[in-house]
Amino acid sequence: MSAIGELSSMTRRKGPMTKEEKKANGRDNKAAYVFLLPWLLGLAVITVGPMLMSLYLSFTDYNLLQPPEWVGLDNFVRMFGDARLHNSLRVTFTYVLVGVPLQLAVALVIALVLDKGLRGLPFYRSIFYLPSLLGGSVAVAILWKQIFGTTGLVNQVLAMIGIEGPGWISDPNTALGSIILLHVWTFGSPMIIFLAGLRQIPVMYYEAAKVDGATTLQQFWRITLPMLSPIIFFNLVLQIIGSFQSFTQAFIVSGGNGGPSDSTMFFTLYLYQKGFGQFDMGYASAMAWFLLVIIGVFTAINFIASKYWVFYDD
């Protein structure tokens, strides 16, 4: 009891700390910095340092073989007249604006189904989450290229019912759609988050709605979506940021050239070609910072718009 009383009196005591307490806090702070030191070094060397160097290079003409030459805003001005860059923006925006809503819709539908209490739920969660782990890999992109090839699995199935399918990844009209479908297929990560959010909605809301005669669809629109809106917002921001940075799928499916006819030329793929194909590192760095601005603008728009459709308990 005396120890408890002493502890409570210490927590209630106000005023300046004693020398012993200051020394103890100092030792604790030093220990904390020692444990944080590897992370701080990694942040400085692997993240902040390259970012600052990239910012400097964006104002230079640099080809990896000669010292950087300062050119000011020339790299950014070049973007206004770069037709391939404009096309890459169009392709990327199409990929993001079509692929992200479709992926989130599929993820939400699957989460709603799994939330009904199926037997073997952990097994289904693992199976549906697996594509998110593999979707960005080279192996899956190669597999996708084979499935949607001229003689791939999709056309073989269509041939069984008398339909001659096109070369999905060799046709400019369908190549981007094939990659969007691959993106939608990797719905596992947002699905898991949706499922966790659904489990947090109080059951009493649905019980009260049933008493009032609300249909299942009305319960979904009036209860599920509003209560789940913070989770939808969270998934939306994460998936938009990730989609703008997509690279592997387009690189593998198109063979690294963004074909056919630049229909799969993502912004990141064009940046890669400029930087590591043509060694125009100054221009590639400027493109990277332009992409950062685009992602920042989209994220800011989402946060500004969220106050009109995202609802919190408070």
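If you look the protein up in an unreviewed UniProt entry, it shows as Multiple sugar transport system permease protein from Paenarthrobacter histidinolovorans. One UniProt comment on the protein, placed under Sequence similarities (unreviewed entry), says "Belongs to the binding-protein-dependent transport system permease family." Per UniProt, the comment on the protein under Subcellular location (unreviewed entry) is "Cell membrane".

A. Geometry of unusual backbone geometry. The omega angle of the peptide bond from G259 to P260 is 0°, so this bond is cis rather than trans. Tracing the backbone through its elements, the reader meets P260 in the loop between α12 (248-253) and α13 (267-277). For S261, which is not glycine, the phi torsion reads 55° and is therefore positive. Inspection of the secondary structure puts S261 in the loop between α12 and α13. Residue F279 is not a glycine yet carries a positive backbone phi of 55°. Looking at the element boundaries, F279 is found in the loop between α13 and α14 (281-309). Classification of F279 by relative accessible area gives partly exposed; the value is 41%.

B. Layout of the layout of surface pockets. Considered as a void within the structure, the largest pocket measures approximately 390 Å³ in volume. If you list the elements that add at least two residues to the lining of the largest pocket, you get α9 (188-199), α10 (203-211) and α11 (216-244). Each residue belonging to the lining of the largest pocket can be placed in one class, and the counts come to six nonpolar, three polar and three charged. The volume enclosed by the second largest pocket comes to roughly 200 Å³. Considering the residues around the second largest pocket, the lining is formed by M51, S54, A288, W289 and L292. Secondary structure elements with two or more residues in the lining of the second largest pocket: α2 (19-57) and α14. Examining the composition of the lining of the second largest pocket, we find that three residues originate from one element, α14, more than from any other. Partitioning the lining of the second largest pocket into residue classes produces four nonpolar, one polar and no charged.

C. Inspection of the environment of P202 at higher detail. Positionally, P202 belongs in the loop between α9 and α10. Here the alpha-carbon distance between P202 and M227, two residues 25 residues apart in the chain, equals 9.5 Å.

D. Summary view of helix α8 (residues 175-185). For α8, the tally of buried residues reaches eight of eleven residues, placing the bulk of the element in the interior. Every buried residue of α8 is accounted for by A175, L176, S178, I179, I180, L182, H183 and V184. The secondary structure elements touched by the buried residues of α8 are α4 (83-114), α6 (138-147), α11 and α12.

E. Region of interest: the packing of α9 against α11. Between α9 and α11, the least distance of the axes is 10 Å, while the angle of their chain directions is 155°. By the criterion of interaxial angle, the relationship of α9 to α11 is roughly antiparallel. Between α9 and α11 lies a crossing whose hand is right-handed. Seen from α9, the contacting residues are P190, I193, F194, G197 and L198; seen from α11, they are T224, L228, I231, I232, F234, N235 and Q239. A per-class count over the contact of α9 with α11 returns eight nonpolar, four polar and no charged.

F. View of the UniProt feature "transmembrane region" (unreviewed entry) in the protein. Mapped onto the present numbering, the UniProt feature "transmembrane region" (unreviewed entry) falls on residues 32-57, 93-114, 126-144, 175-198, 219-241 and 284-305. Secondary structure content for residues 93-114 is 100% helix and 0% strand, while the C-alpha to C-alpha distance between its ends is 31 Å. Secondary structure across residues 219-241 divides into 100% helix and 0% strand, with the first and last C-alpha atoms of the span separated by 31 Å.

G. Looking closely at the packing of aromatic side chains. Applying the stated criterion across every chain, the model contains 17 aromatic pairs. Summarising the aromatic geometry, the rings of F93 and F244 are spaced 5.8 Å apart at their centres and angled 90° between planes, so their arrangement reads as edge-to-face. Residue F93 is located in helix α4, and its partner F244 is located in helix α11; the two are separated by 151 residues in the primary sequence. The class of F93 is partly exposed, set by a relative accessible area of 27%. On the basis of an interplanar angle of 75° and a centroid distance of 6.2 Å, the ring pair of F233 and W309 is categorised as edge-to-face. Of this pair, F233 sits in helix α11 while W309 is found in helix α14, placing the two residues 76 residues apart along the sequence.

The rules behind the values
- Residues numbered from 1 in each chain as written.
- Predicted model: local features only at pLDDT ≥ 70, side-chain atom pairs only at ≥ 80, totals over all residues.
- Heavy atoms only, no water.
- UniProt positions renumbered as here; feature names shortened; annotations may be inferred.
- Helix = DSSP H or I, 4+ residues; strand = E, 2+ residues; numbered from the N terminus.
- Buried < 20%, exposed > 50% of the residue type's maximum accessible area, 1.4 Å probe, protein only.
- 1 Å grid on protein atoms, 1.4 Å probe; cavity = no way out; pocket = protein on both sides within 12 Å on 5 of 7 lines; lining within 4 Å.
- Points joined across faces, edges and corners; volume = space filled by probe spheres on them.
- Nonpolar A, V, L, I, M, F, W, Y, C, P; charged D, E, K, R; others polar.
- Contact = heavy atoms within 4.5 Å.
- Axes fitted to C-alpha atoms, helices over the stretch in contact; angles between N-to-C directions.
- Parallel < 35°, antiparallel > 145°, perpendicular 65-115°, else oblique.
- Left-handed = near helix turned anticlockwise from the far one by under 90°.
- Phe/Tyr/Trp six-rings, centres within 6.5 Å; stacked < 30°, edge-to-face > 60°.

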